[in-house]
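Residue-level structural notes
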Amino acid sequence: MSTSPTREVGPRLRWVLPSVVTVAALVVLWQVYATISGIRPQVLPSPLRVVRQGWAHREEIGAHAAATLQVTLLGFAVSLTLAWLLAIVVDFSPWLRRAFVPLFVASQTLPIVAIAPLMIIWFGFGLLPKILVVSLVTFFPMVIGLIEGFAAADREAGALLRSMGASRVQEFRYVRLPSALPRFFTALRIGITYAVVGAVFAEYVGASKGLGIYMSLQKNSFRTDLVLAAVLVTALLSIVLYLATFVVERLVAPWALAEGRSGRA
């Protein structure tokens, strides 16, 4: 029995409404304080000023946002591909699991603040170092999500398939892969938000275009309003990409999305 779109709107609205009300209240308080306190716009511009100046410079900000989005998607695509390949290899070999998983964990101890400048030194100011930074930032949550998802597969279902003569590949395809998708999409949502932050930080360290370098330039010009406008665009990019993962999940594994909703309920 299908669920009507009208019946789905209520729960979604109840889930989103508290966040919307909280953000709106904070923006109103910010506007009131910036108006009555007399604080200089160079220190704290009002939300209205941020929106107006951002709209006035929309073409410039849009060009930099497009560059950031390109870096984000390319770096995330590399990270996603490597995460799937390594997680599948590790799942087929317990020895490789014991060898690689500690290395994956250790990779997260490397401070991105130190790694990003080294990438610029080694590979220059082109696209490659920024893609590598995004890949490093987003790789860990996805590969661990996949590895743990494969390991959490129903053992009885796997044993049943093997008793019927199924191969290891068939067991992986029909049992382990579907069981990993809910955890994978959770990790995907974490990774895609990290990807935007990683891209902006890489551009901030060294780039010719992108929201990161745009913020740096405007900060040096004491244009706090434009810095905050770029921050707003960055947040919107993260939200759009985050919501896009739900669309992908609905297309690829709608049953996993239903399981997630029932679990939250």
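Residues numbered from 1 in each chain as written. Predicted model: local features only at pLDDT ≥ 70, side-chain atom pairs only at ≥ 80, totals over all residues. Heavy atoms only, no water.

**Thoughts on the overall build of the protein**
If you tally the helices and strands in the protein, you get 11 helices and 0 strands. Taken from the N to the C terminus, the helices and strands of the protein come in the order α-α-α-α-α-α-α-α-α-α-α. Each of the 265 residues in the protein was classed as buried or not, and the buried ones make up 35%. The contacts in the protein between residues at least 6 apart in sequence include a share of 72% that link residues at least 24 apart. Total accessible area computed for the protein in this model is approximately 15,600 Å², and 70% of it derives from carbon and sulfur atoms. (Helix = DSSP H or I, 4+ residues; strand = E, 2+ residues; numbered from the N terminus. Buried < 20%, exposed > 50% of the residue type's maximum accessible area, 1.4 Å probe, protein only. Contact = heavy atoms within 4.5 Å. Areas by Shrake-Rupley, 256 points an atom, 1.4 Å probe, with all protein chains shown as cover.)

**A few points about the packing of helix α9 (residues 211–220) against helix α10 (residues 224–252)**
It is at 8 Å that the axes of α9 and α10 come closest, and there the two elements cross at 160°. In terms of their interaxial angle, α9 and α10 are classed as roughly antiparallel. Along this stretch, α9 crosses α10, giving a crossing that reads as left-handed. For the pair formed by α9 and α10, the contact residues are Leu 211, Tyr 214, Met 215, Gln 218 and Lys 219 on the first element and Leu 226, Val 227, Ala 230, Val 231, Val 233, Thr 234 and Leu 237 on the second. Split by residue class, the contact of α9 with α10 holds 9 nonpolar, 2 polar and 1 charged. (Axes fitted to C-alpha atoms, helices over the stretch in contact; angles between N-to-C directions. Parallel < 35°, antiparallel > 145°, perpendicular 65-115°, else oblique. Left-handed = near helix turned anticlockwise from the far one by under 90°. Nonpolar A, V, L, I, M, F, W, Y, C, P; charged D, E, K, R; others polar.)

**A word on the packing of aromatic side chains**
What characterises a pair of aromatic rings is the spacing of the ring centres plus the angle enclosed by the ring planes. Applying the stated criterion across every chain yields a total of 4 aromatic pairs. Between Phe 184 and Phe 185 the ring centres are 5.2 Å apart and the planes differ by 65°, which places this aromatic pair in the edge-to-face class. For the residue pair Phe 184 and Phe 185, the accessibility class agrees, reading buried in each case. With a centroid separation of 5.5 Å and 70° between ring planes, the pair formed by Tyr 242 and Phe 246 is classed as edge-to-face. Taken together, the residues Tyr 242 and Phe 246, both in helix α10 and 4 residues apart, mark about one turn of the helix. (Phe/Tyr/Trp six-rings, centres within 6.5 Å; stacked < 30°, edge-to-face > 60°.)

**Regarding the layout of surface pockets**
Reported here for the second largest pocket is a volume of approximately 280 Å³. As for the second largest pocket, its lining consists of Ser 79, Leu 82, Ser 107, Gln 108, Leu 110, Pro 111, Ile 112, Ile 115, Ser 135, Leu 136, Val 137 and Phe 139. Listed by contribution, the elements that provide at least two residues to the lining of the second largest pocket are α3 (58–92), α5 (112–123) and α6 (127–151). Ranked by the residues each element gives to the lining of the second largest pocket, the list is headed by α6, at 4 residues. (1 Å grid on protein atoms, 1.4 Å probe; cavity = no way out; pocket = protein on both sides within 12 Å on 5 of 7 lines; lining within 4 Å. Points joined across faces, edges and corners; volume = space filled by probe spheres on them.)

**What to know about the UniProt feature "transmembrane region" (unreviewed entry) in the protein**
Under the feature "transmembrane region" (unreviewed entry), the UniProt entry names residues 15–40, 61–87, 99–124, 131–153, 184–205 and 226–248. Between the end C-alpha atoms of residues 61–87 the distance is 38 Å, and the span holds 100% helix and 0% strand. Span residues 226–248 is 100% helix and 0% strand, its end C-alpha atoms 33 Å apart. (UniProt positions renumbered as here; feature names shortened; annotations may be inferred.)

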